[in-house]
Protein chains: 2
Amino acid sequence: MAGEPLYERLAEHYRRIISAGTLLPGDRMPSVRAFMSQHGVSLSTAIQTFRRLEDTGWCEAKPRSGYFVRSRASLALDALPETDGPPLSVEPPFAGLHERVSRVIDRGNAAVDALNLGGASASAALYPTERLQALAIRLLRRQPTLLTDAGRVGGSLEFRQAMAKRALSYGVAVSPDDVLSTSGGVDAVNLALRAVARPGDTIAIESPAFFGLIQLLESLGLRALEIPASPTTGLSVEALEVALTAYPDIRAVVVVPNLQNPLGSVMPDERKAALVALCASRGVAVIEDEPYRELVEAPQTVKPVKAWDRDGTVIYCPSFNKVLAPGMRLGWMSAGRWHARAKMLKFAQSRHNAALLQAVAAEFVGSGAFDRHLHRFREQLRVQRDATIDAIARHFPAGTRMNRPPGGMLLWIALPDGVHSDALFDAALAHGVRIAPGSIFSNSDRFDAYIRIGCPQTFDATQEAAIETLGRLAREAVAAA
Amino acid sequence: MAGEPLYERLAEHYRRIISAGTLLPGDRMPSVRAFMSQHGVSLSTAIQTFRRLEDTGWCEAKPRSGYFVRSRASLALDALPETDGPPLSVEPPFAGLHERVSRVIDRGNAAVDALNLGGASASAALYPTERLQALAIRLLRRQPTLLTDAGRVGGSLEFRQAMAKRALSYGVAVSPDDVLSTSGGVDAVNLALRAVARPGDTIAIESPAFFGLIQLLESLGLRALEIPASPTTGLSVEALEVALTAYPDIRAVVVVPNLQNPLGSVMPDERKAALVALCASRGVAVIEDEPYRELVEAPQTVKPVKAWDRDGTVIYCPSFNKVLAPGMRLGWMSAGRWHARAKMLKFAQSRHNAALLQAVAAEFVGSGAFDRHLHRFREQLRVQRDATIDAIARHFPAGTRMNRPPGGMLLWIALPDGVHSDALFDAALAHGVRIAPGSIFSNSDRFDAYIRIGCPQTFDATQEAAIETLGRLAREAVAAA
């Protein structure tokens with residue numbers, strides 16, 4: 001205990017109180033203010049403590065109400081273990097996951113009737129479909145030439161202004177000239193990688209990482225160096241520092257600091273600051289992929305790493321696919337020191353984005369409607385996530401471990417010894433359930449015992465049955481091992 | 001005369017008849033059928049003859065009426081000379097035009113009040129703005145989730161079906177599975193280049209070539225080998241054959257067979273067939289960029305090179321930016337032998353395109369509305385082109401040479417000795433007129449005496465004054481030389 005950080009010791013204190021029944025499920029936890037004065041700690045320690053309790057399933061945040069003790073069912077699962085990165089090799093391998101991922105995606109797509117728990121997009125019902133539809137119609141009426149006018153290189157001024165203004169609200173100061181519209185986050189990360197690296201260069205990524213990033217690196221002929229990431233606090237900056245010393249040809253580190261995919265981790269502020277400081281001192285770009293930040297449930301605004309950037313080290317790539325409208329394929333980037341090069345590459349590669357979509361996003365994000373949607377959306381996702389986790393706790397074998405991510409729609413689950421995710425993927429698909437096997441989230445085999453389950457749909461009997469099926473298949477695999 | 005092809009001799013025959021006043025401006029030329037029986041020649045020779053007469057400004061096609069003798073003013077300009085390619089070097093240079101192009105584009109964009117004769121997009125007034133607006137609104141009403149549903153990898157089925165069906169109508173047999181939606185033509189050509197080549201490889205291109213292609217090659221670290229292209233018949237397949245032998249590391253040739261930018265040339269059918277046969281036999285990809293084919297004015301449907309493809313040698317990249325709606329940024333590709341790789345790269349790089357835009361294009365192109373628009377659009381462009389050429393003939397110095405392209409909105413003009421396009425660009429911009437200098441259409445300096453003028457706007461007194469200004473500046477440059 002002595003070497004543990006203060007927030008960890010405080011969290012343990014509350015775990016004992018709850019286990020002892022002093023605080024019961026549904027009880028309100030102390031307010032942050034009360035907590036600070038009671039324990040004589042800073043705001044950031046208080047928040048870290050609550051987040052740690054939340055991550056490990058002991059309490060939950062309710063917007064504008066504070067933290068509450070969680071129900072018992074949620075406590076049945078142990079938290080995820082920390083994992084190490086792969087052993088450092090003389091030369092990091094070229095990313096080479098495409099065949100594995102293709103097999104999973106092709107097999108999954110072929111099973112058209114399967115219930116898809118492997119995806120990461122919510123159904124249209126959870127997005128502001130009617131509002132966006134009405135807005136698009138209104139804009140088309142107001143500007144009939146939205147489809148036929150040649151657009152502006154880099155994006156329309158109104159889009160760039162709206163994005164810069166929104167960014168200011170969460171601590172990122174960029175001017176409209178620093179904003180470049182992109183076709184969603186993948187387009188932006190692709191441009192960022194092309195701006196900073198050449199084929200054969202090494203890119204540091206989180207381990208585990210979103211398989212789409214590993215495919216992207218592969219398509220660009222880049223080497224991927226996997227850096228350990230904690231299931232609660234994300235990328236290990238310490239491990240990155242060692243890696244930057246060992247591999248001087250690392251050009252960039254790609255991070256998803258808020259609700260990492262698949263971990264669901266959120267980097268604490270001091271870790272974000274340390275990451276930027278480290279990379280700035282080494283001249284290495286930080287490519288910040290940000291599809292999910294707006295989905296973090298937290299009492300305070302969670303900032304992107306870009307908020308700590310002082311010299312253009314961070315290439316910031318937020319997108320709207322997951323938080324606003326999957327069908328719009330829209331995002332933007334602010335590429336810091338590499339902005340002129342990114343803009344040139346975007347122009348050379350695919351020109352600007354459709355003006356209509358930029359206009360819809362500019363108007364919606366610039367109005368209060370976006371925040372109202374996000375508020376509702378986070379609530380819905382929380383309900384779905386809780387229901388899914390409770391079902392997992394009821395149906396999965398003993399020894400299953402997972403965290404309770406502070407938002408979003410992805411759950412990262414460690415299965416007991418003996419269960420292999422590829423085999424479980426095949427067995428589940430044969431039973432009409434599609435999942436994402438852990439094997440596609442790394443070039444290594446470190447996550448073969450993991451699966452990622454999405455909970456982007458309203459939880460109903462179909463979902464319950466699918467989780468039950470998965471749990472049964474996992475139990476059978478444990479028994480056979 | 002003896003060594004000239006038959007159609008050239010027949011064209012010369014008619015030039016003499018017109019010069020002698022036997023046929024007067026406005027007179028109807030013989031019908032293709034009458035021409036064939038009168039001269040005892042094949043359909044293709046008859047069409048080549050008329051096209052040659054049209055290219056050189058002696059007659060013009062009027063849709064559904066036949067060919068007519070042109071007015072005198074149009075005859076004042078000599079046809080463009082054929083140009084050689086740059087001397088073959090041991091290693092083709094890496095494309096390195098970006099700075100030159102950037103200077104031209106940045107200076108041009110900064111001159112916001114200048115009349116833009118340097119662009120290649122028509123004004124929204126010439127596109128079917130109201131119809132597309134109404135269609136988009138109707139589709140949004142019918143499918144409210146068009147913006148919020150996650151789209152389908154590779155493009156929606158209805159889009160791919162509509163494109164495959166349209167392609168069949170002009171001789172290209174592809175299935176919906178062979179169609180991949182892209183963000184316009186540049187996105188497609190970028191994916192095609194990435195599918196077939198690696199950095200350092202050599203790509204054969206037409207000389208002159210669209211500067212955007214040279215920038216794209218530069219951004220991908222590819223070498224550009226410029227192959228001579230005729231101002232009337234496009235890429236020299238003979239020169240390409242020599243180049244393929246001299247440079248075994250050529251991976252692909254990028255061509256714009258129909259209304260090449262900037263030449264306005266259209267490759268005759270036999271040349272298209274020869275290109276495909278040559279590249280198929282050498283295992284070299286043909287990347288066919290096709291922004292303008294639908295704008296060719298010809299009595300018969302003009303086919304893309306892809307129509308001659310039998311083994312997947314041709315990567316076909318048509319787009320809608322120039323012919324339907326600049327603001328939609330939509331196109332597609334069918335990548336032959338490289339289709340699976342192109343699809344993987346598209347997914348890895350930027351995912352699919354916005355579903356709404358695909359739906360609009362599918363419905364519009366699948367209906368008769370597209371052909372009706374194209375019919376009107378070609379007519380309008382012809383009127384604008386003719387008026388612009390007549391103004392050039394009146395105002396430009398003696399020795400100015402240009403062809404009369406069989407469609408489109410681009411005019412490629414050779415200035416007399418002593419005029420340099422960069423200096424003319426600067427002088428014209430100072431006088432409020434923006435043009436595209438020939439220097440940006442090649443890595444060499446072969447086209448420094450050329451300029452490209454667009455005529456995508458209705459010709460009025462402003463345009464007339466701009467052409468007059470350009471002509472005066474060119475005459476001054478000739479006098480000073």
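Residues numbered from 1 in each chain as written. Chains lettered and ligands numbered in written order. Predicted model: local features only at pLDDT ≥ 70, side-chain atom pairs only at ≥ 80, totals over all residues. Heavy atoms only, no water.

Under an unreviewed UniProt entry, the name given to chain A is 2-aminoadipate aminotransferase, and the source organism is Burkholderia pseudomultivorans. Under the Sequence similarities (unreviewed entry) heading, UniProt states for chain A: "In the C-terminal section; belongs to the class-I pyridoxal-phosphate-dependent aminotransferase family." (UniProt positions renumbered as here; feature names shortened; annotations may be inferred.)

Asker: Teacher, can you tell me more about the overall build of chain A here?
Answerer: A count of helices and strands for chain A gives 15 helices and 16 strands. In terms of overall size, chain A behaves like a compact globule, its C-alpha atoms giving a radius of gyration of 22 Å where 481 residues would be expected to give roughly 23 Å. Here the C-alpha coordinates of chain A stretch approximately 65 × 50 × 50 Å along the principal axes. Residues counted as buried form 62% of the 481 residues belonging to chain A. Across chain A, the fraction of contacts at a sequence separation of at least 24, relative to all contacts at a separation of at least 6, is 75%. For chain A, the accessible area works out to roughly 17,400 Å², and carbon and sulfur atoms hold 52% of it. Within chain A, one finds 53 positive and 50 negative side-chain charges whose respective centroids are separated by 6 Å. (Helix = DSSP H or I, 4+ residues; strand = E, 2+ residues; numbered from the N terminus. Rg over C-alpha atoms; globule rule 2.2 N^0.38 Å. Buried < 20%, exposed > 50% of the residue type's maximum accessible area, 1.4 Å probe, protein only. Contact = heavy atoms within 4.5 Å. Areas by Shrake-Rupley, 256 points an atom, 1.4 Å probe, with all protein chains shown as cover. Lys, Arg positive; Asp, Glu negative; His and termini not counted. Charge placed at Lys NZ, Arg CZ, Asp CG, Glu CD.)

Asker: When you look at the sheet that holds strand 7 (residues 234–235) of chain B in this model, what are you seeing that I'm missing?
Answerer: Through backbone hydrogen bonds, the strands of a sheet pair up, either in parallel or in antiparallel fashion. Residues and elements named next belong to chain B. Judged by pairing direction, the sheet is mixed, and its six strands sit side by side in the order 7-6-5-8-9-10 without closing on themselves. In the strand order of this sheet, the two ends are held by strand 7 and strand 10 (314–318), each with one partner. Pairing between strand 9 (residues 285–290) and strand 10: five bridges, direction parallel. The residue bridging glutamate 290 from the neighbouring strand is proline 318, located in strand 10. Strand contacts of helix 7 (residues 184–196): strand 5 (202–207), strand 8 (250–255), strand 9 and strand 10, with the helix running at about 175 degrees to strand 9, the strand carrying the most contacts. Helix-sheet contacts for helix 8 (residues 211–219) involve strand 5, strand 6 (223–230) and strand 8, and the interaxial angle to strand 5 is about 165 degrees. (Pairing = 2+ DSSP bridges. Axes fitted to C-alpha atoms, helices over the stretch in contact; angles between N-to-C directions.)

Asker: Before we go on, may I ask you to explain the domain arrangement of chain A in this structure?
Answerer: Interface size, as often reported, equals the accessible area lost upon joining of the parts. All names here are of chain A. Domain boundaries assigned for chain A yield domain 1 (6–72), domain 2 (90–119 + 371–480) and domain 3 (130–366). Each of domain 1 and domain 2 has a C-alpha centre, and the two are 28 Å apart. Listed as interface residues are eight residues of domain 1 and, on the opposing side, seven residues of domain 2. Together, Asp55, Pro63 and Arg70 form the three largest contributors to the area buried by domain 1 at its contact with domain 2, with a combined 53%. For the interface between domain 1 and domain 2, the tally reads two salt bridges. Aspartate 386 is the salt-bridge partner of arginine 70, the closest N and O atoms lying 3.4 Å from each other. (Domains from an automatic or database assignment. Buried area = accessible area lost by both parts, 1.4 Å probe. Salt bridge = Lys/Arg side-chain N within 4 Å of Asp/Glu carboxyl O.)

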